[in-house]
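So you can see what is in the structure, the chains are spelled out below.
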Amino acid sequence: MKTCGRHSYWQQTSVVRQIAFTLLVFLINLLSAHTDNYSDIAKLQTEWHGPGTTLDLKEIILGRCYNYIRTINPALNYVNCTNVWEAFQNVFVNKDPCDIKKEDYSDFMELTRHPIPCGMSVFWSKTNKLVHDYARVIAHYMTLEQTLYGYLADKLRWCGKIHGEGIDYKSCPTRKQCSNNPLSSFWSQASKTVQQ
């Protein structure tokens, strides 16, 4: 057995292993001190597959709200559009976009809910164009997107940033990435609300 000085080769290798192991434990502790858990490390590197929040979302929502209550359905002129926007943004701004539940939209739905005469609503699933064309021709029917809450959100995208830093304009999660994303939860709650 080869010796180097007073210690054998195996003794020196063992010391190097102990130092490497100690450094590894130190690095793991250092990382865990800066994150709540290891899933946060993965989230730091997450880029969502969906497009980001629609630019000028606040202005679009407010503009649509005023248009709806002033021209489309003036009977709703009591709706406070600023409160509607506040309730809407409180659901997703500064929140993990994979932890938005449909119930989170309850306050928003309550502020934008209005009576829909019985037998007027038309639901669609994978027949979007057909149902909307039908509802346009036969004015007796109303699609979800013709309600105030549906009209406000139609064809828009929104999500917050994972670490509570406002709104994510770069990318938002898709349904495949997480089922409790802001859009899926919104439309699920909107469908439930229109049926009530």
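Not measured: the values here are computed from a predicted model. (Residues numbered from 1 in each chain as written. Predicted model: local features only at pLDDT ≥ 70, side-chain atom pairs only at ≥ 80, totals over all residues. Heavy atoms only, no water.)

## Overview of helix H4 (residues 81–92)
Between its terminal C-alpha atoms H4 stretches 18 Å, which fits the 16 Å expected from 12 residues at 1.5 Å a residue. Where H4 is concerned, the buried positions are Cys 81, Val 84, Trp 85, Ala 87, Phe 88, Gln 89, Val 91 and Phe 92. Residue Asn 80 occupies the N-cap position of H4, its side-chain oxygen lying 3.0 Å from the main-chain nitrogen of Thr 82. Directly after H4, the chain includes Asn 94, whose backbone phi takes a positive value near 65 degrees. (Helix = DSSP H or I, 4+ residues; strand = E, 2+ residues; numbered from the N terminus. Expected span 1.5 Å × (residues − 1). Buried < 20%, exposed > 50% of the residue type's maximum accessible area, 1.4 Å probe, protein only. Polar contact = N/O pair within 3.5 Å; in protein donor to acceptor, adjacent residues only side chain to side chain.)

## A closer look at the confidence of the model for the protein
Averaged over every residue, the pLDDT of the protein is 77; residues scoring 70 or more account for 63%. No element of the protein has a lower mean pLDDT than helix H2 (residues 38–44), which averages 42, and none a higher one than H4, which averages 98. Segment residues 121–127 is flagged for pLDDT under 50; beyond a separation of four residues in sequence, or across chains, it makes 15 contacts in the model. (pLDDT = per-residue confidence, 0-100. Contact = heavy atoms within 4.5 Å.)

## Topic: the side chain of Gln 189
Position of Gln 189 among the secondary structure elements: in helix H8 (residues 182–195). With residues up to four places along the chain from it excluded, the contact list for Gln 189 reads Lys 102, Glu 103, Tyr 105, Ser 106 and Met 109.

## Examining the environment of Ile 116
Inspection of the secondary structure puts Ile 116 in the loop between helix H5 (106–112) and strand S4 (121–122). Assessed through its relative accessible area of 22%, Ile 116 is described here as partly exposed. In sequence terms Ile 116 and Val 194 are 78 residues apart; their C-alpha atoms lie 7.7 Å from each other.

## A short note on the pattern of salt bridges
Side chains bearing opposite charge may pair, as long as their charged atoms lie close to each other. Tallied over the entire structure, the rule returns 2 salt bridges. Lys 101 is the salt-bridge partner of Asp 99, the closest N and O atoms lying 2.6 Å from each other. Between Lys 155 and Asp 154 there is a salt bridge, and its shortest N-O distance comes to 3.5 Å. Look at Lys 155 and you get exposed, because its relative accessible area is 74%. (Salt bridge = Lys/Arg side-chain N within 4 Å of Asp/Glu carboxyl O.)

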